[in-house]
Amino acid sequence: MFEKSYAGLYELTEAFPDEESCVRHLEALRWPLGVICPHCGASRKIYRLKRGSRYRCADCKQDFSVRKGTIFEESRLPLRKWFIAAWSLTSNRKGIPSTQLARTLGVTQKTAWFMLARLREVAGQMTGHGGPVSGETEVDETFLGGKERNKHASKRGMAGKQAVIGARSREGRVRAEAIDGRDRAELHGFIREHVAPGSIVFTDDWRAYQGLTDYHHETVNHSVGEYVRGQAHTQGIESFWAMVKRAYIGVFHHFTWKHLHRYLREFEARWNLGNGSESRRMDTLLSYSSGIRLTYKQLIA
C-alpha cells in the first residue's frame with residue numbers, strides 16, 4: 001500500500017506533482033482491493049468515466065469519485081493541498097498552527113483551521129479503532145492552561161485551567177481525554193473505558209485511584225519524592241503531557257476547551273504512529289479518511 005516515500009515537504013511535492021497523482025494514491029489507500037461504490041457498497045461492475053477522475057456504479061447507477069464519503073467531499077481545495085496539510089499534521093511532533101499552515105498552502109487562516117479540524121476528526125477515528133490499551137499501563141492526570149507567571153495575579157491558580165487524564169501502555173499507545181475533575185468517579189470511569197481489565201496500572205498516590213479492583217494497581221508516592229520504584233513509575237505518560245503542554249504554550253499559544261478533544265486526538269495519533277517514516281504516518285492518516293463528515297457549521301456550533 002505504502003509505495004511512495006517522502007522524507008520532507010520537497011519530496012512530498014515531488015512525489016505528488018499534480019491532482020491526478022494524488023487521486024490515484026488516495027484510491028490505492030481507500031480501495032486496495034479495487035474500487036467500491038460509496039453509495040451502495042457494490043464492487044461488481046464499476047465504470048471509469050472519461051470526465052475527471054470519476055466512476056459510475058452499474059448497480060445503483062450513481063457517479064462518484066474517491067472524495068465521496070470522505071473528509072475531502074465538497075472541498076474545493078485540490079488534494080495536493082490536503083496532502084500537504086496531512087503531512088504537516090503528522091510530521092510536526094508538536095503540531096502546526098493554522099496561521100502557519102495558511103501561509104504554506106496560500107489559503108486563509110479560517111480555511112486552514114477548518115482543514116486541521118477535519119484532519120483531527122480523522123485522527124480521532126484512527127485512535128478509536130485501536131481499542132483499549134493493555135498490559136503495563138501508566139495513568140496520570142494533569143491540568144492544561146497558560147503559564148502562571150504570564151497571568152494577572154487575580155487569574156492565577158486553577159481558574160481557567162482544564163483537567164485531562166491519559167493512559168499510556170508501555171508498548172507505546174496513548175489514550176487521553178478531558179475530565180470535569182479528579183474525583184474517583186471520573187478517574188475510575190476513564191480507566192474502565194480505556195484500559196483493558198487485568199492490566200497492570202501504575203499511578204501516583206492520589207487517593208481517587210484507590211479501589212481499582214479489576215486491575216493490578218501499583219503506585220509511586222510523589223508527595224515524599226518517590227518517582228520510581230522498581231517497574232512502578234508514570235514517566236511515560238508524563239512525557240506525553242509535557243509534549244502537549246509545550247505545544248499548547250509554544251505552538252498554538254491557546255485553544256478553546258470546546259475543541260480540546262480534537263487536539264487530544266491529534267496528539268494521540270501522532271504519538272501512536274511512533275517512529276515510522278513520514279510517508280507511512282501520512283498515509284496511515286489518509287487511509288482512515290472515509291466515513292467522516294464535519295461541516296463548518298458543526299465545527300462552530
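Check the entry above for the structure.
What follows deals with the packing of aromatic side chains. Going through the model one piece at a time under the given rule, you end up with 16 aromatic pairs. Here the aromatic rings of tryptophan 31 and tyrosine 55 are separated by 6.2 Å at their centres, their planes lie at 90°, and the arrangement is edge-to-face. Of this pair, tryptophan 31 sits in the loop between helix 2 (19-30) and strand 1 (46-48) while tyrosine 55 sits in strand 2 (residues 55-57), placing them 24 residues apart in sequence. Just as tryptophan 31 is buried, tyrosine 55 falls in that class too. Centre to centre, the rings of phenylalanine 255 and tryptophan 257 are 6.2 Å apart; their planes meet at 90°, and the pair counts as edge-to-face. Residue classification places phenylalanine 255 among the buried positions, given a relative accessible area of 4%. A connected cluster of aromatic rings, assembled from ring pairs, spans Tyr248, Phe252, Phe255, Trp257, Tyr263 and Phe267.

Bringing the sheet that holds strand 2 into the picture now. Taken in spatial order, the three strands of this open sheet run 1-2-3, and their pairing is antiparallel. Two strands close off the open sheet at either side, each with one partner strand: strand 1 and strand 3 (63-64). In this sheet, strand 3 lies alongside strand 2 in antiparallel orientation, the contact comprising two bridges. Bridge pairing links tyrosine 55 to phenylalanine 64 in strand 3.

Further remarks concern the packing of helix 4 (residues 98-105) against helix 5 (residues 109-128). For the pair helix 4 and helix 5, interaxial distance at closest approach is 8 Å and the crossing angle is 110°. The orientation of helix 4 relative to helix 5 falls into the category roughly perpendicular. Each of Ser98, Thr99, Leu101, Ala102 and Leu105 in helix 4 lies in contact with helix 5, whose residues at this interface are Gln109, Ala112, Trp113, Met115 and Leu116.

Let us look at helix 7 (residues 235-252). If you check helix 7, its first and last C-alpha atoms are 24 Å apart, about what 18 residues at 1.5 Å a residue would give, namely 26 Å. Packed against the buried residues of helix 7 are helix 5, strand 4 (136-144), strand 5 (162-169), strand 6 (174-178) and helix 8 (260-272). Where helix 7 ends, the next residue or the one after it, histidine 253, has phi of about 70°, a positive value.

Turning our attention to the nonpolar core. As a rule of thumb, nonpolar side chains are buried together in soluble globular proteins. Phe16, Phe83, Leu119, Met282 and Leu286 are the most contacted members of the largest nonpolar core, which totals 44 residues. When residues of this core are traced back to their parent elements, those giving at least two are helix 1 (9-15), helix 2, strand 2, helix 3 (79-91), helix 4, helix 5 and helix 9 (278-287). Broken down by element, this core gets its largest block of residues, eight residues, from helix 3. Excluding residues within four positions of it along the chain, methionine 282 makes contact with Tyr6, Leu12, Phe16, Phe83, Ala86, Trp87 and Thr90. Listed in part, the 24 residues of the second largest apolar core include Phe114, Phe240, Val251 and Leu264.

The sheet built from five strands is open, its strands ordered 6-5-4-7-8 with mixed pairing. In the strand order of this sheet, the two ends are held by strand 6 and strand 8 (216-220), each with one partner. For this sheet, the mean angle separating the axes of adjacent strands, direction not counted, is 20°. Pairing between strand 7 (residues 200-204) and strand 8: five bridges, direction parallel. Across the sheet, aspartate 204 pairs through a bridge with valine 220, a residue of strand 8.

This part takes up helix 9. Side chains of residues three or four places apart in an α-helix project in the same direction, reflecting 3.6 residues per turn. Burial of helix 9 is extensive: seven of the ten residues sit out of reach of the surface. Of all the residues in helix 9, the buried ones are Ser279, Arg281, Met282, Asp283, Thr284, Leu285 and Leu286. Structurally, helix 9 contributes buried residues whose contacts are with helix 1, helix 2, helix 3 and helix 5.

Rules behind the numbers
- Residues numbered from 1 in each chain as written.
- Predicted model: local features only at pLDDT ≥ 70, side-chain atom pairs only at ≥ 80, totals over all residues.
- Heavy atoms only, no water.
- Phe/Tyr/Trp six-rings, centres within 6.5 Å; stacked < 30°, edge-to-face > 60°.
- Helix = DSSP H or I, 4+ residues; strand = E, 2+ residues; numbered from the N terminus.
- Buried < 20%, exposed > 50% of the residue type's maximum accessible area, 1.4 Å probe, protein only.
- Pairing = 2+ DSSP bridges.
- Axes fitted to C-alpha atoms, helices over the stretch in contact; angles between N-to-C directions.
- Parallel < 35°, antiparallel > 145°, perpendicular 65-115°, else oblique.
- Contact = heavy atoms within 4.5 Å.
- Expected span 1.5 Å × (residues − 1).
- Core = buried A, V, L, I, M, F, W, Y, C linked by side-chain atoms within 4.5 Å.

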